Amino acid sequence: MPEGHTLHRLARLHQRRFGRAPVAVSSPQGRFADSAALVHGRVLRRADAWGKHLFHHYAGGPIVHVHLGLYGTFTEWPVPAGPDDALPEAVGQVRMRMVGADFGTDLRGPTVCEVIDEGQVADVVAKLGPDPLRGDADLSWAWVRIAKSRRPIGALLMDQTVIAGVGNVYRSELLFRHGIDPFRPGRDVGEAEFGEAWTDLVALMKVGLSRGKIVVVRREHDRGAPSYRPGRPRTYVYRRAGEPCRVCGEPVRTAVLEGRNVFWCPTCQT
């Protein structure tokens, strides 16, 4: 599942490609056709993100809300230059197609693609924790919930009502970087310890936002070991089960934590 920095990159991209101009919106698949008609031809005023949720704000009030889930993806293509040239044929189940002056994008396989209003946006956001990539993020809001919880910190970091935008890669890597066992109860994590991890998380996600990929391994620990497979980020523990820890050499472990695989080093994380 895409992590929060991916949605913020999409919001920036869509603002740059389609913002402040009318957008042609359709649903080649048909499932979004009635909703697409509500925003077709309107000016896209703003695109933004909160955690793993993307919002397209159109003139006149309607807002397209997208959650990519496990399989959702946007693919982009240039609009043909000639006025008589046809747009590319929709390939596969395209839920939503957006076409601007120079670019088009097709959305396939999202968990959510709907038109909502400002009040419904507020309802979505009210259920989410602070987003490390937003300037208004309040880490104290997340800390209060972590400090009172008996749930493992590895589960709390993935809970979007505690912190919005953290996925499995950032969860596993952040806990390694701060020497925290993912199964340690939230209430046993110190406030200063959490504050340092939050600051690091913000910095890591900003790198992901600017570079378009997750970068978590410090230079002194990156000894040229290959990625898990092509296209995977270089990591300390994520998807490296059984491989030697980059720091101590102990085999990395994995287990299922609240339905998701978590990875950690039993020596470096306590």
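Residues numbered from 1 in each chain as written. Predicted model: local features only at pLDDT ≥ 70, side-chain atom pairs only at ≥ 80, totals over all residues. Heavy atoms only, no water.

You'll find the chain entered in an unreviewed UniProt entry as DNA-(apurinic or apyrimidinic site) lyase, with Mycobacterium servetii given as the organism. The record in UniProt for the chain states the following under Sequence similarities (unreviewed entry): "Belongs to the FPG family." The chain has a UniProt comment under Catalytic activity (unreviewed entry) that states "2'-deoxyribonucleotide-(2'-deoxyribose 5'-phosphate)-2'-deoxyribonucleotide-DNA = a 3'-end 2'-deoxyribonucleotide-(2,3-dehydro-2,3-deoxyribose 5'-phosphate)-DNA + a 5'-end 5'-phospho-2'-deoxyribonucleoside-DNA + H(+)". (UniProt positions renumbered as here; feature names shortened; annotations may be inferred.)

K.L.:
Got a minute to help me understand the sheet that holds strand S2 (residues 44–50) in this structure?
P.N.:
Whenever strands of a sheet pair, they do so through backbone hydrogen bonds, lying parallel or antiparallel. In space, the 4 strands of this open sheet follow the order S2-S3-S4-S8, with antiparallel pairing throughout. The sheet is open, and its two borders are formed by S2 and strand S8 (112–116), each paired with just one other strand. Each neighbouring strand pair of the sheet contributes to a mean axis angle of 15°, computed without reference to strand direction. Bridging between strand S3 (residues 53–58) and strand S4 (residues 63–67) involves 5 bridges; their strand directions are antiparallel. Note that in S4 the partner of His 56 across the bridge is Val 64. Helix H1 (residues 4–18) rests against S2 and S3 of the sheet, and its axis sits at about 170° to S2. Packed onto the sheet, helix H3 (residues 118–126) meets S2, S3, S4 and S8 and runs at close to 165° relative to S3. (Pairing = 2+ DSSP bridges. Helix = DSSP H or I, 4+ residues; strand = E, 2+ residues; numbered from the N terminus. Axes fitted to C-alpha atoms, helices over the stretch in contact; angles between N-to-C directions. Contact = heavy atoms within 4.5 Å.)

K.L.:
I keep staring at the nonpolar core and nothing clicks. Help me out?
P.N.:
A general tendency of soluble globular proteins is for nonpolar side chains to be buried together. Counting residues in each nonpolar core, the largest one holds 35 residues, and the members touching the most others are Ile 146, Ile 153, Ile 163, Tyr 170, Phe 194 and Leu 201. Going through the elements one at a time, helix H4 (139–147), helix H5 (153–158), helix H6 (168–177) and helix H7 (191–211) are the ones with two or more residues in this core. Residue contacts for Ile 163: discarding those within four places in its chain leaves Gly 129, Pro 130, Pro 132, Ala 142, Leu 157, Phe 194, Trp 198 and Leu 201. Judged by nonpolar contacts, the second largest core, of 22 residues, contains Leu 10, Val 23, Phe 32 and Met 98. (Core = buried A, V, L, I, M, F, W, Y, C linked by side-chain atoms within 4.5 Å. Buried < 20%, exposed > 50% of the residue type's maximum accessible area, 1.4 Å probe, protein only.)

K.L.:
Sorry if this is basic, but what is going on with the UniProt feature "domain: FPG-type" (unreviewed entry) in the chain here?
P.N.:
On the UniProt side, "domain: FPG-type" (unreviewed entry) is annotated at positions that read residues 236–270 here. For residues 236–270, helix accounts for 0% and strand for 29%, while the C-alpha atoms at its two ends are 16 Å apart.

K.L.:
Would you mind going over empty space enclosed by the protein with me for this structure?
P.N.:
Any space left empty among the atoms is revealed by the rolling of a water-sized probe across them. Scanning all chains against the criterion turns up 1 cavity of 30 Å³ or more. Each pocket or cavity is described by its volume, and for the largest cavity that value is around 80 Å³. Around the largest cavity, the lining residues are Ile 153, Leu 157, Ile 163, Leu 174, Leu 175, Ile 180, Val 189, Glu 193, Phe 194, Ala 197, Trp 198 and Leu 201. When residues of the lining of the largest cavity are traced back to their parent elements, those giving at least two are H5, H6 and H7. A class-by-class count of the residues in the lining of the largest cavity yields 11 nonpolar, no polar and 1 charged. (1 Å grid on protein atoms, 1.4 Å probe; cavity = no way out; pocket = protein on both sides within 12 Å on 5 of 7 lines; lining within 4 Å. Points joined across faces, edges and corners; volume = space filled by probe spheres on them. Nonpolar A, V, L, I, M, F, W, Y, C, P; charged D, E, K, R; others polar.)

K.L.:
Honestly, the packing of H1 against H7 in this entry has me stumped. Any pointers?
P.N.:
Two packed helices can be described by the angle between their axes and the distance between those axes. Closest axis-to-axis distance for the H1/H7 pair is 9 Å, and the angle between their directions is 40°. The orientation of H1 relative to H7 falls into the category oblique. The chirality of how H1 crosses H7 is right-handed. Listed contacts from H7 to Gly 4, His 5, His 8, Arg 9 and Arg 12 of H1 are Met 205, Gly 208, Leu 209, Ser 210 and Arg 211. Taken together, the residues that form the contact of H1 with H7 break down as 2 nonpolar, 5 polar and 3 charged. (Parallel < 35°, antiparallel > 145°, perpendicular 65-115°, else oblique. Left-handed = near helix turned anticlockwise from the far one by under 90°.)

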